[in-house]
2 protein chains.
Amino acid sequence: MTDLHTTNALRLLQAADDFRAGLSGELSAVHGISVNEFLLMLHLERAAAHRLSRVDLAKRMHVSASTITRMAAPMEKIGLVDRQVDDRDARLVFVVATQAGRAKLSEALSTFSKRAGYLFSDRWEDDEVDQFAAMLRRLIAGRGDTLA
Amino acid sequence: MTDLHTTNALRLLQAADDFRAGLSGELSAVHGISVNEFLLMLHLERAAAHRLSRVDLAKRMHVSASTITRMAAPMEKIGLVDRQVDDRDARLVFVVATQAGRAKLSEALSTFSKRAGYLFSDRWEDDEVDQFAAMLRRLIAGRGDTLA
DNA sequence: GCAATATGCTTGCATGTGCAAGTGATTCGG
DNA sequence: CCGAATCACTTGCACATGCAAGCATATTGC
């Protein structure tokens, strides 16, 4: 009916949606943040000086610049991130992780890892996990700004 | 730094997001439908009699029942789906694919398959694609209502 | 049978998001 | 230099979506 590439793409979307849906509930219930806020902070954590410009974040997260503007505002209010204007280029406004934000990320990351463990553990052999990692890496290899 | 399960889950989300973002633009530009409308019709296509109740669709798509109600309305207007109340249980309102809807799905599916091909082809060996399919299948094995 | 409960769906409200337009800052071409 | 083009960001508007409440229909317990 449909070829295997198509099946794989459908399964990829389904598996990611399933995982994201479960993660969403626990992140918001336990840590009071959304999946996108979690991913935003993770991008900051991986970035130099734990900061990124708004357009940079937007590209990495597949959202519009306006979304970053609007996500950052409440995160600044609760102290997860700070706003930092570039010295050289006054157009650039960095989103920079605070200590509190990095601590929150660390907690949220343990929830994330626990769920990732549920997803794979007890059903996968170590070498299968390695293979899967290598395959996924090839799928996102085109991007130079991946989280993992 | 982070264990491999965590890395894999992050890559899974990233790969799916990347694919969905590219697909979204082409589906809306070429076929005038959203990714979620495409997936809704695909669920109908796979279902018995090409129809599903609203709560059933909601569960399969990880969205709320109200979202299905609101997605179905414009799709009925442009003739992609019909509304059908169950004879036995007047609470049940099925979303049923029309011929026009199934034709539209078929066109959109070719766009989907083309992008799925880009994602894997020229970079993957056949047996790797098979392995990847088997691994993804295990990730979504818990669900009995998967698309693939 | 009938009240109490559960189920499926819809609607009001609040929130999240993209797009297009607007603003200020920088860079480019002459 | 100076005007034009580009870039980063913000804001107004429209649309999508979840949650809670409401409504109609079924099912259950007595």
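It should be emphasised that the depicted structure is a prediction, and the values quoted were computed from it without experimental measurement. (Residues numbered from 1 in each chain as written. Chains lettered and ligands numbered in written order. Predicted model: local features only at pLDDT ≥ 70, side-chain atom pairs only at ≥ 80, totals over all residues. Heavy atoms only, no water.)

A. Main features of the protein's contact with DNA strand C. Every one of the 23 residues lining DNA strand C counts as a neighbour, but Thr67 of chain A together with Arg54, Val55, Thr69 and Arg83 of chain B are closest to it. Sugar and phosphate atoms form 61% of the subset of DNA strand C atoms that lie within 4 Å of the protein. Contact distances for DNA strand C include 3.0 Å between a phosphate oxygen and a backbone N or O atom of Ala90 of chain A. Note that a phosphate oxygen of DNA strand C is positioned 2.6 Å from one of the backbone N or O atoms of Val55 of chain B. For the surface near DNA strand C, the elements supplying multiple residues, two or more each, are α4 (65-77) of chain A together with α3 (54-61) and α4 (65-77) of chain B. (Near = heavy atom within 4 Å. Polar contact = N/O pair within 3.5 Å; in protein donor to acceptor, adjacent residues only side chain to side chain. Helix = DSSP H or I, 4+ residues; strand = E, 2+ residues; numbered from the N terminus.)

B. Representation of the packing of helix α1 (residues 4-31) of chain A against helix α5 (residues 99-120) of chain B within the structure. Direction vectors running N to C along α1 of chain A and α5 of chain B enclose 90 degrees, while the axes themselves pass 8 Å from each other. Comparing the axis directions of α1 of chain A and α5 of chain B gives the class roughly perpendicular. Listed contacts from α5 of chain B to His5, Thr6, Asn8, Ala9, Leu10, Leu12 and Leu13 of chain A of α1 of chain A are Phe112, Ser113, Ala116, Gly117, Leu119 and Phe120 of chain B. Within the contact of α1 of chain A with α5 of chain B, the residues separate by chemical class into 8 nonpolar, 5 polar and no charged. (Axes fitted to C-alpha atoms, helices over the stretch in contact; angles between N-to-C directions. Parallel < 35°, antiparallel > 145°, perpendicular 65-115°, else oblique. Contact = heavy atoms within 4.5 Å. Nonpolar A, V, L, I, M, F, W, Y, C, P; charged D, E, K, R; others polar.)

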